[in-house]
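Examining the three-dimensional arrangement
So the chains spell out like this:
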Amino acid sequence: MIDTSLDLSVLALLSMRRGGLDNLLQARDLINQAIEQTGVTTSGDRMLLSVTFESEGNLDEAERLIDELVSSGGGNVESLAAKFDFQMRNHQYDAAEATLKKLEVAAEDAQLTGKLVVLKSQVEYLRLNEDQQKIRDVIVQFGSEQEPAIDEEQVGQRSQLYTNLGQMFASSRLYEDAENWYRKLFELNEQQVKPLAVTLA
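Notes on the structure in this doc start here. Here the structure is a predicted model, which means the values were calculated and not measured.

What counts, and at which threshold
- Residues numbered from 1 in each chain as written.
- Predicted model: local features only at pLDDT ≥ 70, side-chain atom pairs only at ≥ 80, totals over all residues.
- Heavy atoms only, no water.
- Axes fitted to C-alpha atoms, helices over the stretch in contact; angles between N-to-C directions.
- Helix = DSSP H or I, 4+ residues; strand = E, 2+ residues; numbered from the N terminus.
- Parallel < 35°, antiparallel > 145°, perpendicular 65-115°, else oblique.
- Left-handed = near helix turned anticlockwise from the far one by under 90°.
- Contact = heavy atoms within 4.5 Å.
- Buried < 20%, exposed > 50% of the residue type's maximum accessible area, 1.4 Å probe, protein only.
- Core = buried A, V, L, I, M, F, W, Y, C linked by side-chain atoms within 4.5 Å.
- Phe/Tyr/Trp six-rings, centres within 6.5 Å; stacked < 30°, edge-to-face > 60°.
- Lys NZ or Arg CZ within 6 Å of the ring centre and 35° of its normal.

Looking at the packing of helix 4 (residues 59-72) against helix 5 (residues 77-89)
It is the contact of helix 4 with helix 5, at a shortest axis distance of 8 Å, that shows an interaxial angle of 160°. Between helix 4 and helix 5, the angle is such that the two are roughly antiparallel. Classified by chirality, the crossing of helix 5 by helix 4 is left-handed. In this structure, helix 4 contributes Leu59, Ala62, Glu63, Ile66, Asp67, Leu69 and Val70 to the contact, and helix 5 contributes Ser79, Leu80, Ala82, Lys83 and Phe86.

Description of the side chain of Ser159
Mapped onto the secondary structure, Ser159 falls in helix 9 (residues 155-171). Using a relative accessible area of 17% as the deciding quantity, one classes Ser159 as buried. The contacts of Ser159, once residues within four sequence positions are left out, are Leu185 and Leu188.

Considerations on the nonpolar core
In terms of nonpolar packing, the biggest core is built from 19 residues, with Leu116, Ile139, Phe142, Leu161 and Leu165 touching the most fellow members. Looking at this core, the elements that each hand over two or more residues are helix 7 (112-126), helix 8 (132-146), helix 9 and helix 10 (175-188). Those residues in contact with Ile139, other than ones at most four positions away along the chain, are Leu119, Val123, Leu165, Met168 and Phe169. Within the second largest apolar cluster, 18 residues are counted, among which are Met16, Ala27, Ile35 and Phe53.

What about the packing of aromatic side chains?
Here the distance between the centres and the angle between the planes together describe a pair of aromatic rings. Under the defined criterion, the tally for this structure stands at one aromatic pair. Look at Tyr162 and Trp181: their rings are 5.7 Å apart centre to centre, the planes differ by 45°, and that puts the pair in the tilted class. With a gap of 19 residues between them, Tyr162 in helix 9 and Trp181 in helix 10 connect regions that are remote in the sequence. Per residue, the accessibility class of Tyr162 equals that of Trp181, and both read buried. Over the aromatic face of Phe53 sits the side chain of Arg28, whose NZ or CZ is 3.8 Å from the ring centroid. Sitting above the plane of the Trp181 ring, Lys184 keeps its charged end 5.3 Å from the centroid.

Concerning the side chain of Arg28
Note that Arg28 resides in helix 2 (residues 21-38). The class of Arg28 is buried, set by a relative accessible area of 13%. Filtering out sequence-adjacent residues up to four positions away, Arg28 remains in contact with Leu49, Thr52, Phe53 and Glu56.

Spelled out as structure tokens, the structure:
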């Protein structure tokens, strides 16, 4: 027996991960049941519901829910990033560019995690033109600004920075740059050797 909205949300996630239209419809039903139980529609609910509609091709409803997500989140980094990702997936590139500008403004006072979300979005947009040099310049500039701002003892944040920059360089096929950041990660924590090994293979 399902007792709580949390149980319903977990089951909805599991259904979505299984894939297929039947599972997506089941996930939507479970999310709606959770909303009925609590009387509250959370940001997570809107995001999951949007995914189910997008997956079945109902882009208008999916976008409406994304817009609700942005409004309810006050235009924060997470909601704007979700909107940007939706627009990029659906080839709405002019709209994505406009959202990216809003995302950059929203991230000005964000913590490192939020700034990395914006950098990832910038890199994804630049890949449209396959401008490797511009992608490299953007990531290098970010690293040169952020690394000195992190205290030596803040190992977690340094690890987060090095891992993400290494991954962005690697996914952009800039492997030498990726190796440099993965080496920093390895020096920081020798247990984090797998990304470096993959890059060097």
